[in-house]
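# Summary of the model geometry
Chain by chain, the residues run as shown.
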Amino acid sequence: MKTGKLKYIATALLASAAVMYGCSDGQDEAVPAASADGAEAIGFRAVPEAGSGVTRASAADFPNTTIGVTATYDDRQNDWTAYADIQNELATVTDGTGDYFGFTWQTPKYWPFDGAGLIFCAYSPHDSETGGLLELDPNLRSLNITLAEDVPDVLYASGNAAFTSYNKTDVTADLGEFRHALSKLTVNVLSDDTVNPVVTLNSLSVKTSRASAVLDLLSDGDLRFWAGSDLTYSFLSGSSTALSDTPYSRTVYLFPGTEEYTDINIVLNDSSYEYSTTIPLNGVNVTNADGTDSGVPVSLVRAATTTVNITVTGTSIQEPGRGIRLQGQLTDWDDKGNLEVTIN
């Protein structure tokens, strides 16, 4: 197949926005029964973010089905292995009461008899449910994350980073907010009515050279990256789809702040010629609402989606210097945001 003789004008429209965080009040969740020897049980509850539209918490509204929880003594803040009874313990998300989600321990857990104070950290989903894509570090406060096509929506509870202590005499213990750890990139490829109907999209791919990182569970999303960890999300391999004004759309998870290490590639074909172009994500500026270039480079933001609309227009073009024209605007991400969790 010949290459390079046929080119198309591709207009990329970008949109990115942050999520608003918040919490809402609700009824208390029932506390599990005490043990036979009188130990006080630890129970969980969680509320959805404000403005999410959730009026009654059901397990289906939580992004994952499980969470992992670790506790340590309040005077051992630098040693999360000190409290042996709660180390990366699995809890299942359940339907709640009122505005609150519920959680059920896989193995029931109880407050220390002696009234010792505990502090907590948590993440979701539990690493045992992810096929190795998540792995809690032996220090029990760092989460190793590897991106893949089936990587989950990773959440972490950072609200207890101030090490608030709770014990068996407290009514509730506030674990804090579950927050998204990752960013989303959505790529839409479409055409206008000037494009020859025989033109097809033969490949769409998103490549990142930052595919593995370590998340500090006690921070506000701090990440340490593994150098040389490459990943290419590939779509339409070995097949093709006709271009139209209905976008061919795919969404992938990426680490926040990695726009410098992210490229989008598309391959077009009209049965005679093939045209391939690569768009570096950090080469795109956000466009103002009035269509002017803001001069502000796009970024991948934690808990936000960056959307790139690539519109193919015209037929073949031979003039030098013609190619990709990039625009952008801001739109809100209406996916599930943070979840505030407390321990009863």
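What this report covers is the structure whose coordinates are included nearby. (Residues numbered from 1 in each chain as written. Predicted model: local features only at pLDDT ≥ 70, side-chain atom pairs only at ≥ 80, totals over all residues. Heavy atoms only, no water.)

Here we come to the pairing of strand S7 (residues 118-124). Counting buried residues along S7, 7 of its 7 residues qualify, which places the element largely inside the surrounding structure. In S7, alternate side chains face the same way, and those of Leu118, Phe120, Ala122 and Ser124 on one face and Ile119, Cys121 and Tyr123 on the other are all buried. Where strand S4 (residues 66-73) meets S7, 6 bridges bridge the pair, whose relative direction is antiparallel. Across the sheet, the residue bridging to Thr70 is Cys121, located in S7. (Buried < 20%, exposed > 50% of the residue type's maximum accessible area, 1.4 Å probe, protein only. Helix = DSSP H or I, 4+ residues; strand = E, 2+ residues; numbered from the N terminus. Pairing = 2+ DSSP bridges.)

The next thing to look at is the nonpolar core. Residues Leu143, Leu185, Tyr233 and Ile264 are the most contacted members of the largest nonpolar core, which totals 53 residues. In contact with Tyr233, other than residues within four places in its own chain, are Leu147, Ala148, Glu149, Val151, Leu204, Ser205, Val206, Val252, Tyr253 and Leu254. Grouped together as the second largest cluster of nonpolar side chains are 20 residues, Tyr83, Ile86, Phe103 and Leu155 included. (Core = buried A, V, L, I, M, F, W, Y, C linked by side-chain atoms within 4.5 Å. Contact = heavy atoms within 4.5 Å.)

What follows covers the sheet that holds strand S8 (residues 134-136). Pairing is antiparallel in the open sheet, where 4 strands are placed in the order S8-S9-S14-S15. The open sheet has two edge strands with one neighbour each: S8 and strand S15 (223-225). The mean angle between the axes of side-by-side strands here comes to 25°, regardless of whether they run parallel or antiparallel. As paired elements, strand S9 (residues 142-146) and strand S14 (residues 212-216) share 5 bridges and run antiparallel to each other. Counted as the bridge partner of Ile145 is Ala213 from S14. (Axes fitted to C-alpha atoms, helices over the stretch in contact; angles between N-to-C directions.)

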